[in-house]
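Structural features, examined
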Amino acid sequence: MHFPYTKYRAKIYDSAIAYLKKEGYDVSKLKKFEGTYRSSFNEQEQTYWIDNNRLIQYIKNQTMHALIPAGEYTAVSGFLNDQTFQHNLILTESGKPIGINFIQYNYNNSNSFWYWKEDESIQNAHKAFDEGNFENALKLYEIALAKNPKHGYLPNIVAYLKYIKDNDKAFILKQNEAFSGDYGPRRFWVDDGKFYYKRKDNQTDLAKVELLPISENRYMDLTRLGTLMAFEKNASGKMASKSYSFIVEEELAFEWRDSDSNENVTNYFLKDD
């Protein structure tokens, strides 16, 4: 029995209780969750590890959770009077953990977030990139991509490193300047040789992000790994901006899509006169 205001959040614990009654508690079955996972939406990381016969989940500057198994590849956590969480571990066809579909249950709705598992090969590539050793980073990202072919952001980082290797700074600066300007709520500009994007909002001062070129008209950024920005001309020759999102989450689609099919999202903006 649940109180009405906890019913929606409590249902994940119903599945956990049913699973434990059938299978019992064996923390070794949760070891497959261990590792670091990076959000597709922002720079947030989750870390999972076994401690004192419990699977622990930690997000920097947030509450640490002890998880309860609710299935072969599912664990749950959270509090009925606040929020509850379902952690669904997703594996490749070969059985390698690829990420976590993280579902947050609120009073009467839920939100789904995708986190990529970053294995040692990816972390080594990130380290070389952060140290500015781009030649070595390219080699390491290519190794990481071979080991993690479904990680949708890895091909973009490889493409960026190849693009800046094949094109000099003057060429890329000219490209960036050509796309600079206001496109409805989007603003793009060059500052100190770097290309930035910021969405204009009357109520919130949104953060700017640096865009990195992966081709002559497409850009990625290291904050939102699941987003690409593209520029193209319409039939009359006017420049426009358009974004693409990498879809995983509950669909497990693992593909890039634009927002044209979503009538509630305006994605295509012409450059202001």
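The shown structure was predicted, so the numbers you read here are calculated from the model rather than taken from an experiment.

**A short note on the overall build of the protein chain**
- Within the protein chain, the secondary structure is distributed over 5 helices and 17 strands.
- Over its C-alpha atoms, taken along the principal directions, the protein chain stretches across nearly 65 × 45 × 30 Å.
- Every one of the 273 residues in the protein chain was classed for burial, and the buried ones make up 43%.
- A separation threshold of at least 6 residues defines the contact pool for the protein chain, and within that pool the share at least 24 residues apart is 44%.
- Looking at the protein chain as shown, the accessible area adds up to about 15,300 Å², and 48% of this sits on carbon and sulfur atoms.
- A distance of 2 Å separates the average location of the 35 positive side-chain charges in the protein chain from that of its 38 negative side-chain charges.

**Describing helix H5 (residues 169-179)**
- Taken together, the buried positions of H5 are Ile172, Gln175, Asn176 and Phe179. Axial view of H5: buried residues confined to an arc of 95 degrees, hence all on one face. In H5, the exposed residues that point more than 90 degrees away from the buried face are Ala170 and Lys174.

**Some details on the pairing of strand S2 (residues 45-51)**
- Bridge count between strand S1 (residues 35-39) and S2: 4 bridges; the pairing is antiparallel. Across the sheet, residue Thr36 finds its bridge partner in S2, namely Thr47.
- Between the end of S1 and the start of S2, which pair antiparallel, lie 5 residues.
- With antiparallel pairing between neighbouring strands as the criterion, S2 and strand S3 (residues 54-59) make up a hairpin whose turn holds 2 residues, including Asn52 at a positive phi of roughly 55 degrees.

**What about the environment of Asn234?**
- On the secondary structure map, Asn234 appears in the loop between strand S14 (227-233) and strand S15 (239-247).
- With residues near it in sequence (within four places) discarded, Asn234 still touches Tyr268 and Leu270.
- A polar atom in the side chain of Asn234 sits 2.8 Å from the backbone nitrogen of Lys238.

**Overview of the pairing of strand S11 (residues 194-199)**
- Across 6 bridges, the pairing between strand S10 (residues 186-191) and S11 is antiparallel. Note that in S11 the partner of Val190 across the bridge is Phe195.
- Counted along the chain from S10 to the antiparallel partner S11, the turn is 2 residues long, and its residue Asp192 has a positive phi close to 55 degrees.
- Two elements, S11 and strand S12 (residues 209-213), share 3 bridges in a ladder whose sense is antiparallel. Note that in S12 the partner of Tyr197 across the bridge is Val209.

**Description of the packing of aromatic side chains**
- Under the counting rule described, the total for this entry stands at 22 aromatic pairs.
- Centre to centre, the rings of Phe179 and Phe231 are 4.4 Å apart; their planes meet at 5 degrees, and the pair counts as stacked. Separated by 52 residues along the polypeptide, Phe179 in helix H5 and Phe231 in strand S14 bring together distant segments of the chain. Side by side, Phe179 and Phe231 carry an identical accessibility label, which is buried.
- Considering the side-chain rings of Phe188 and Tyr197, the 5.1 Å spacing of their centres and the 25 degrees angle between planes classify their relative orientation as stacked.
- Overall, Phe188 belongs to the buried group, its relative accessible area being 1%.
- Judged by its relative accessible area of 7%, Tyr197 falls in the buried class.
- One aromatic cluster is present, formed by Phe179, Tyr183, Phe188, Phe195, Tyr197, Tyr219 and Phe231 through successive ring pairs.

**Focus: the nonpolar core**
- Core analysis: the largest hydrophobic core is formed by 28 residues, its most contacted members being Trp116, Tyr141 and Leu161.
- Elements that contribute at least two residues to this core include exactly strand S8 (110-117), helix H2 (120-130), helix H3 (134-147), helix H4 (154-166), S14 and S15.
- In terms of residue count, H4 provides more of this core than any other element does, 5 residues in total.
- Apart from the residues lying within four places of it in its own chain, the contact partners of Tyr141 are Ala125, His126, Phe129, Leu154, Ile157, Val158 and Leu161.

**Focus: the packing of H3 against H4**
- Here H3 crosses H4 at 150 degrees, and the two axes come no closer than 9 Å. In terms of their interaxial angle, H3 and H4 are classed as roughly antiparallel. Handedness of the H3/H4 crossing: left-handed. Contact residues: H3 offers Phe134, Ala137, Leu138, Tyr141, Glu142, Ala144 and Leu145, while H4 offers Leu154, Pro155, Ile157, Val158, Leu161, Lys162, Ile164 and Lys165.
- When its residues are assigned to classes, the contact of H3 with H4 shows 12 nonpolar, no polar and 3 charged.

**Looking at the pattern of salt bridges**
- Overall, the coordinates contain 10 salt bridges when judged by the stated rule.
- Its salt-bridge partner being Asp119, residue Lys96 comes within 3.1 Å of it at the nearest N-O pair. Separated by 23 residues along the polypeptide, Lys96 in the loop between strand S6 (84-91) and strand S7 (97-105) and Asp119 in the loop between S8 and H2 bring together distant segments of the chain.
- The residue Glu142 makes a salt bridge to Lys162 at a minimum N-O spacing of 3.6 Å.

What counts, and at which threshold
- Residues numbered from 1 in each chain as written.
- Predicted model: local features only at pLDDT ≥ 70, side-chain atom pairs only at ≥ 80, totals over all residues.
- Heavy atoms only, no water.
- Helix = DSSP H or I, 4+ residues; strand = E, 2+ residues; numbered from the N terminus.
- Buried < 20%, exposed > 50% of the residue type's maximum accessible area, 1.4 Å probe, protein only.
- Contact = heavy atoms within 4.5 Å.
- Areas by Shrake-Rupley, 256 points an atom, 1.4 Å probe, with all protein chains shown as cover.
- Lys, Arg positive; Asp, Glu negative; His and termini not counted.
- Charge placed at Lys NZ, Arg CZ, Asp CG, Glu CD.
- Arc of directions from axis to C-beta.
- Pairing = 2+ DSSP bridges.
- Polar contact = N/O pair within 3.5 Å; in protein donor to acceptor, adjacent residues only side chain to side chain.
- Phe/Tyr/Trp six-rings, centres within 6.5 Å; stacked < 30°, edge-to-face > 60°.
- Core = buried A, V, L, I, M, F, W, Y, C linked by side-chain atoms within 4.5 Å.
- Axes fitted to C-alpha atoms, helices over the stretch in contact; angles between N-to-C directions.
- Parallel < 35°, antiparallel > 145°, perpendicular 65-115°, else oblique.
- Left-handed = near helix turned anticlockwise from the far one by under 90°.
- Nonpolar A, V, L, I, M, F, W, Y, C, P; charged D, E, K, R; others polar.
- Salt bridge = Lys/Arg side-chain N within 4 Å of Asp/Glu carboxyl O.

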